[in-house]
Amino acid sequence: MEQMRARVASLSALLLLLAAPGGTQINSRDRIASAIDSANIATVRGTAHPLAQSRFDHGRLSPAHQLSGVTLTFRLSAAQQADIDRLLSEQQDRSSPSYHKWLTPEQYATRFGMTQNDLAKVTSWLQSQGLRVDGASRSRTEISFSGSVGQIEYALKTELHNYSINGEQHFANATDVAFPAAFSAQVLGVRGLNNFHPKPRYTRPAPRFTSSISGNHFLMPGDFAKIYDVPSALDGTGQTIAVVGQTDISNSDIDAFRSAAGLSVNDPTVKLVPNSGTLVHSTGDETEADLDLEWAGGIAPNANIIYYTVGNSSNSNVFDSLNYAVQQNAAHVISISYGNCEAKLGSFILTLRQWAQQANAQGQTISGPSGDDGAADCDSNVTSATHGLAVDIPAAIPEVTGVGGTEFTGDMTQCPGNPPSCPGGVAPADSPYWSGSSSPTSGPSALTYIPEKTWNDAVSSQGFSAGGGGASKMFGKPSWQTGTGVPADGKRDVPDIALNGSNGHDPVLICSQDFFTGANPPVTSCTNGFRASDQSLSAIGGTSVGAPSFAGILALMNQATGSNGLGNVNPMLYQLAGTSGVFHVIASGTNNVPCTAGTTNCPSGTTSIGFSAGAGYDQVTGLGSPDVNNLIAAWLAVTPTADFSVDSLTSTIASPGGQGSSTITITAENGFAGTVDLTCPPVASAHITCTLSPSSVTLPGGNALPQTAALSINTVAKLETPFGHTRGVWYTTGGGAIFAAVFLFVPSRRRWTSLFGLVLLAFLAVNVACGGGAGGGGGGGGNGTPAGTYSITVTGTSGALSHSTVLSLTVK
């Protein structure tokens, strides 16, 4: 009998069906139902670049020009979009089983990406057009390809033209693209058909001297920590921040900054986006990259910094770096200091939001600048706005935290020239805010928080210099954006918070050789502390300062909470806004900028457009600037206690007598540390048993990765007699023959005794044949595991904490 069971088990089949964790979900399904016919095409509306206008047109781009990294992005289906909206809400709901249950890119792909079948169909079509397919994203929402301009124009039914705008040369597709109707409705957009690059959101004054000469103060990380109450016990250990850019960097600049700031060496890891060309140094962009890397690492000095960047391919830019940081999912915090106004990005905004939602679903938080052109984000490098009120992307995306700009007001004493009030040209110490130290190596000198107003410096020949903010024209009001001062406008309002951004008063210090590009005679950055070789300082302002600084704060918050990521922090920021001391109220100033009468939002008699600061939330400084220590304390006060979760990532199908398997994942939540014992009770009625290896796991706490255990599920084969299915016939015919023999050949005086013995023998025979092994199977016609679907429960226990996961076993 055991040999028979072994033979049955050896023939069983095992199939694993992947499923993402967390509640009701809709996994990807094939969406391309009909054959792909290149003769039957449909236009994807909104895919032409907004600046590809005939008045700027300078003719066709050479058809021989090669483009790499062109990327087709698929939209989520209506059901998938509803599913991710629900998931993102549940991941921030502390009462939900999905609270802070983050997805991997592969789990995101299973739930929200295209199927492998659909990807294969589109890949085959692209290849049939002569294009080289470079691959699909981990999320299965994108396919990248390369080819000549002529090939791409033919396949996408568009033309690529040259454009000249404000002295800059660009190329872009002149019309919307088109695809075969079989899948055109699934296309969200195409990236890489133009070379319009987003601009860094920083402003820089001319190099200035220290406060002992000019009366100005400049911030280093220690000053920022004192002003914004950053806890000294937190340093970002165990955390990772992704900074995105579009240039190569020099570690010598980073090292010089950290040395001048009194920090140990901690060079970033550089990751080049595939198919984006070769790394090169780009003037202006490198200054931005230095600022971002130095200040993200300056606020969280022990955090691991990954710098995602692109090479010199003309159609690659920082947004590709952002996407790559999301796809790699290697950092819980992402800092981007680039952007553009909504009107200049067109339908690409929807692609950016899809990336941001994926990032949040994976536990990633994105910090972005609100812009440096006040309330008129579409007007840059001008002295009077004509395009009306506008906000910056990606800050205005609801899944991104938009950081605005402030300016300190409590230390406005300056000493230009040599007035009598400043003997020798030396400004008095700005007590109680500054210690008055000013040597190149004296270290931080801020003493306490300095009151702030909105950042809005004087308009210069380079344009506006004020923190961005206002209402989005693309996104409606998120459910979490509520509270005192929040406009009842039905729109997503920005910024969410604000930090020091003035370039005219108390700017931040950086070390960047790129800052001095073009200096004559040449100047070397940071040769003596923060002083350059000409004794000047590299001082910078803008909301580009706040974005990486807040990214550093987010890393500290992750460290303090012991979390594996916080996802979209905006809901919690608005919830905590009413807690005393969490945000500094900034109630003075505006982000008004001059406007030309008669243009959009600037009727006759109007000279400026913008918004004013006030109590609570405002469209200039958001909720205000954070007191980091109080923010973390308030966050911890409403964070669930340390715990763990148990999840099964697979269900299984097996034949009777076969074995199923699954992976059990045990994840620490809110800093949990301890040993979790795992058990899996048998399903006795169906003869199902299971084992776990290991049967216990240890979670060390902090930012540790989830632990796993292998689950093996054993079933029992149906027991058969040597006669198989002829047993019933044998019993009937054989029993009848014996019965006849008793009456024909046994003497009458012994017939009843013999008949009684025959009945007893038959009874014993039936029980022997039907017994054995594991007992009845609940109606399966044998003693093995009956066909059906069973719930297998795995329970993890640690002290008083106990959690279970249930997976499905189907026996066929």
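Reading the values: the criteria
- As a convention, each chain's residues are numbered from 1 in the sequence order in which they are written.
- Thresholds applied to this predicted model are a pLDDT of at least 70 for local features of residues and 80 or more for the giving and counting of side-chain atom pairs; totals over whole chains, interfaces and linings are not thresholded and use all residues.
- Neither water nor hydrogens contribute to the side-chain values; these are computed over all heavy atoms in the structure.
- Helix and strand assignments come from DSSP, with helices taken as H or I runs of at least 4 residues and strands as E runs of at least 2, each series counted from the N terminus.
- The classification of residues rests on relative accessible area computed with a 1.4 Å probe and restricted to protein chains. Under 20% of the type maximum is buried, over 50% is exposed, and intermediate values are partly exposed.
- Note on contacts: a residue pair is in contact if any heavy atoms of the two residues lie within 4.5 Å.
- All accessible areas in this document rest on Shrake-Rupley with a 1.4 Å probe, and a residue is counted as covered only by the protein chains that are shown.
- Two N or O atoms count as a polar contact when they lie within 3.5 Å, although within protein this holds only if one can serve as hydrogen donor and the other as acceptor, and sequence-adjacent residues are included solely when both atoms are side-chain atoms.
- Following DSSP output, two strands are said to pair if at least two bridges run between them.
- The axes used here are C-alpha line fits, helices contributing only the stretch in contact, and every angle between their N-to-C directions lies in the interval 0 to 180 degrees.
- Cysteine sulfur pairs qualify as disulfides if the two atoms are within 2.5 Å.
- Every case where a carboxyl oxygen of Asp or Glu lies within 4 Å of a side-chain nitrogen of Lys or Arg is listed as a salt bridge.
- Values of pLDDT, the confidence the predictor places in each residue, fall between 0 and 100.
- By convention, a stacked pair of Phe, Tyr or Trp rings (six-membered ring in the case of Trp) has centres within 6.5 Å and planes under 30 degrees apart, an edge-to-face pair has planes over 60 apart, and any other such pair is tilted.
- Every helix has an expected span of 1.5 Å times one less than the residues it contains.
- Nine residue types can take part in a nonpolar core, namely buried Ala, Val, Leu, Ile, Met, Phe, Trp, Tyr and Cys, and a core is a set of them joined through side-chain atoms within 4.5 Å.
- Oblique is the label for any angle not covered by the other classes, which are roughly parallel (under 35 degrees), roughly antiparallel (over 145) and roughly perpendicular (65 to 115).
- Left-handed describes a crossing in which the near helix is turned anticlockwise from the far one by less than a right angle; the clockwise case is right-handed.
- Three categories are distinguished: nonpolar for Ala, Val, Leu, Ile, Met, Phe, Trp, Tyr, Cys and Pro, charged for Asp, Glu, Lys and Arg, and polar for the others, with Gly belonging to the last.

*Asks:* How should the overall build of the protein chain be read in this particular structure?
*Replies:* The number of helices and strands found in the protein chain is 16 helices and 38 strands. A burial count over the protein chain gives 53% of its 812 residues as buried. Considering only contacts within the protein chain whose residues lie at least 6 apart along the sequence, 77% involve residues at least 24 apart. Roughly 31,800 Å² of accessible area belongs to the protein chain as shown, and the carbon and sulfur atoms make up 55% of that amount.

*Asks:* How should I be thinking about helix α10 (residues 318–328) in this particular structure?
*Replies:* Given 3.6 residues per turn, any residue in an α-helix points the same way as the ones three and four places further on. α10 sits mainly inside the fold: 10 of its 11 residues count as buried. For α10, every residue scored as buried is listed here: Val318, Phe319, Asp320, Ser321, Leu322, Asn323, Tyr324, Ala325, Val326 and Gln327. Looking at where α10 begins, the residue whose side-chain oxygen comes 2.8 Å from the main-chain nitrogen of Phe319 is Asn317.

*Asks:* Teacher, can you tell me more about unusual backbone geometry here?
*Replies:* Negative phi characterises most residues that are not glycine, and trans characterises most peptide bonds. Residue Pro394 follows Ile393 across a cis peptide bond; omega there is 20 degrees. Summarising the element assignment, Pro394 is placed in the loop between β18 (392–393) and β19 (400–408). That bond from Val494 to Pro495 is cis: its omega, 0 degrees, falls within 30 degrees of zero. Residue position: Pro495 is located in the loop between β22 (491–494) and β23 (497–500).

*Asks:* Would you mind showing me how to read the pairing of strand β36 (residues 707–714) here?
*Replies:* As a general feature of sheets, a regular strand has side chains that alternate between the two faces. When strand β32 (residues 659–669) meets β36, the two strands line up antiparallel, connected through 8 bridges. Following the sheet pairing, Ser661 is matched in β36 by Ser712.

*Asks:* Quick question: what am I supposed to make of the sheet that holds β36 here?
*Replies:* Picture the strands of a sheet paired through backbone hydrogen bonds; they go either parallel or antiparallel. Ordered by their spatial adjacency, 4 strands build an open sheet running β30-β32-β36-β34, and the pairing between neighbours is antiparallel. Edge strands, defined here as strands with exactly one partner in the open sheet, are β30 (643–648) and β34 (689–693). Across the sheet, the axes of successive neighbouring strands diverge by a mean angle of 25 degrees, strand direction being ignored.

*Asks:* It is not clear to me how the state of the cysteines should be interpreted in this structure. Could you clarify?
*Replies:* Where two cysteines share a covalent bond between their sulfur atoms, that bond is called a disulfide. Within the structure shown, the criterion is met by 4 disulfides. Shown here is the disulfide that connects Cys341 with Cys378, its sulfur atoms set 2.1 Å apart. The sign of the S-S torsion, about 100 degrees, decides the handedness of the disulfide formed by Cys341 and Cys378: right-handed. One end of the pair, Cys341, is in strand β16 (residues 338–341); the other, Cys378, is in the loop between β17 (365–369) and β18, and 37 residues separate them in sequence. Residue classification places Cys341 among the buried residues on the basis of a relative accessible area of 0%. Assessed through its relative accessible area of 8%, Cys378 is described here as buried.

*Asks:* Help me understand the pattern of salt bridges in this model?
*Replies:* Close approach of charged atoms allows side chains of opposite charge to pair. Counted by the stated rule, this structure contains 15 salt bridges. A salt bridge links Arg201 to Asp392; the nearest nitrogen and oxygen atoms lie 2.6 Å apart. Within this pair, whereas Arg201 is found in the loop between β11 (199–200) and α6 (211–214), its partner Asp392 is found in strand β18, the two being separated by 191 residues in sequence. Overall, Arg201 belongs to the buried group, its relative accessible area being 7%. We classify Asp392 as buried; its relative accessible area is 1%. Here the residues in one salt-bridge network are Arg60, Glu153 and Glu159, joined through shared partners.

*Asks:* Whenever I open this one, the sheet that holds β16 confuses me. Can you help?
*Replies:* Pairing is antiparallel in the open sheet, where 3 strands are placed in the order β11-β16-β18. Every other strand in the sheet has two partners, leaving β11 and β18 as the edge strands with one partner each. Two elements, β16 and β18, share 2 bridges in a ladder whose sense is antiparallel. Within the sheet, the bridge partner assigned to Cys341 lies in β18 and is Asp392.

*Asks:* Honestly, the confidence of the model for the protein chain in this entry has me stumped. Any pointers?
*Replies:* Averaged over all residues, the pLDDT of the protein chain equals 86, while 83% of them reach at least 70. Note that pLDDT drops below 50 for residues 415–428; the model gives that stretch 20 contacts with residues more than four away or on any other chain. Counting interchain partners and residues more than four positions distant, the pLDDT-below-50 stretch residues 721–735 has 12 contacts.

*Asks:* Can you walk me through the side chain of Ser525 in this structure?
*Replies:* Its location among the elements puts Ser525 in the loop between β24 (508–509) and β25 (539–540). Accessibility expressed as a relative area gives 9% for Ser525, which makes it buried. A polar side-chain atom of Ser525 sits 3.1 Å from the main-chain amide nitrogen of Ser512. Filtering out sequence-adjacent residues up to four positions away, Ser525 remains in contact with Cys511, Ser512, Gln513, Phe516, Ala532 and Ser538.

*Asks:* Can you walk me through the packing of aromatic side chains in this structure?
*Replies:* In the structure shown here, the tally under the stated rule is 16 aromatic pairs. On the basis of an interplanar angle of 55 degrees and a centroid distance of 6.1 Å, the ring pair of Phe257 and Trp295 is categorised as tilted. With Phe257 in helix α8 (residues 251–260) and Trp295 in helix α9 (residues 285–299), the pair connects residues that are 38 residues apart, well separated along the chain. Here the aromatic rings of Phe515 and Phe516 are separated by 5.2 Å at their centres, their planes lie at 70 degrees, and the arrangement is edge-to-face.

*Asks:* Please clarify how α9 should be interpreted in this entry.
*Replies:* A rise of 1.5 Å per residue sets the reference length of α9, with its 15 residues, at 21 Å; its end C-alpha atoms lie 21 Å apart and thus fit the reference within 8%. Burial analysis of α9 places 15 of its 15 residues in the buried class, which makes it a mostly covered element.

*Asks:* Looking at this structure, how should I read the environment of Val676?
*Replies:* Summarising the element assignment, Val676 is placed in strand β33 (residues 674–679). On the basis of relative accessible area, Val676 is assigned to the buried category, the value being 0%. Distance in space between the C-alpha atoms of Val676 and Ile666 is 8.2 Å, their sequence separation being 10 residues.

*Asks:* In this structure, what is going on with the nonpolar core? I would like to understand it.
*Replies:* Soluble, globular proteins show a tendency: their nonpolar side chains are buried together. Within the largest apolar cluster, 73 residues are counted, with the highest numbers of intra-cluster contacts made by Ile241, Trp295, Phe530, Leu573 and Trp635. With 8 residues, the top contributor of residues to this core is helix α12 (residues 543–561). Residues within four places of Trp295 in sequence aside, it is in contact with Leu219, Met220, Pro221, Phe224, Phe257, Val508, Leu509, Ile510, Pro548 and Ser549. With 31 residues, the next largest nonpolar core counts Ile306, Ala325, Ile334 and Ile336 among its residues.

*Asks:* Sorry, what's going on with the environment of Ser712 here?
*Replies:* Here Ser712 lies in strand β36. Along the sequence, Ser712 and Gly660 sit 52 residues apart, while their C-alpha atoms lie 5.9 Å from each other. With sequence-adjacent residues up to four places away left out, Ser712 is seen in contact with Gln659, Gly660, Thr689, Cys690 and Thr691.

*Asks:* Would you explain the packing of α9 against α12 in this entry?
*Replies:* Angle between the axes and distance between the axes: these two values describe a pair of packed helices. Packing of α9 against α12 leaves a shortest axis separation of 7 Å and a crossing angle of 30 degrees. The angle between the axes of α9 and α12 places the two elements in the roughly parallel class. α9 and α12 meet at a crossing whose hand is right-handed. Every residue of α12 that contacts α9 at Glu288, Leu291, Asp292, Trp295, Ala296 and Ile299 is listed here: Ser544, Val545, Pro548, Ser549, Gly552, Ile553 and Leu556.

*Asks:* What exactly am I supposed to notice about the packing of helix α2 (residues 78–91) against helix α3 (residues 105–112) here?
*Replies:* Viewed as axis vectors pointing N to C, α2 and α3 meet at an angle of 135 degrees, and their least axial separation amounts to 10 Å. When the axes of α2 and α3 are compared, the pair comes out oblique. In this structure, α2 contributes Gln80, Asp83, Ile84 and Leu87 to the contact, and α3 contributes Tyr108, Arg111 and Phe112. Classifying every residue of the contact of α2 with α3 gives 4 nonpolar, 1 polar and 2 charged.

*Asks:* Looking at this structure, I do not really get the side chain of Ser549. What am I missing?
*Replies:* Position of Ser549 relative to the elements: it lies in helix α12. Residues in contact with Ser549, not counting those within four places in the same chain, are Phe224, Trp295, Ile299 and Leu499.

*Asks:* Explanation requested: the environment of Phe224 in the structure shown.
*Replies:* The residue Phe224 is located in helix α7 (residues 221–227) in this model. For Phe224, a relative accessible area of 4% puts it in the buried group. Separated by 225 residues in the primary sequence, Phe224 and Tyr449 have C-alpha atoms spaced 9.1 Å apart. Each residue touching Phe224, except ones within four places of it in the same chain, is listed here: Asp229, Val230, Trp295, Ile299, Leu499, Ser549 and Ile553.

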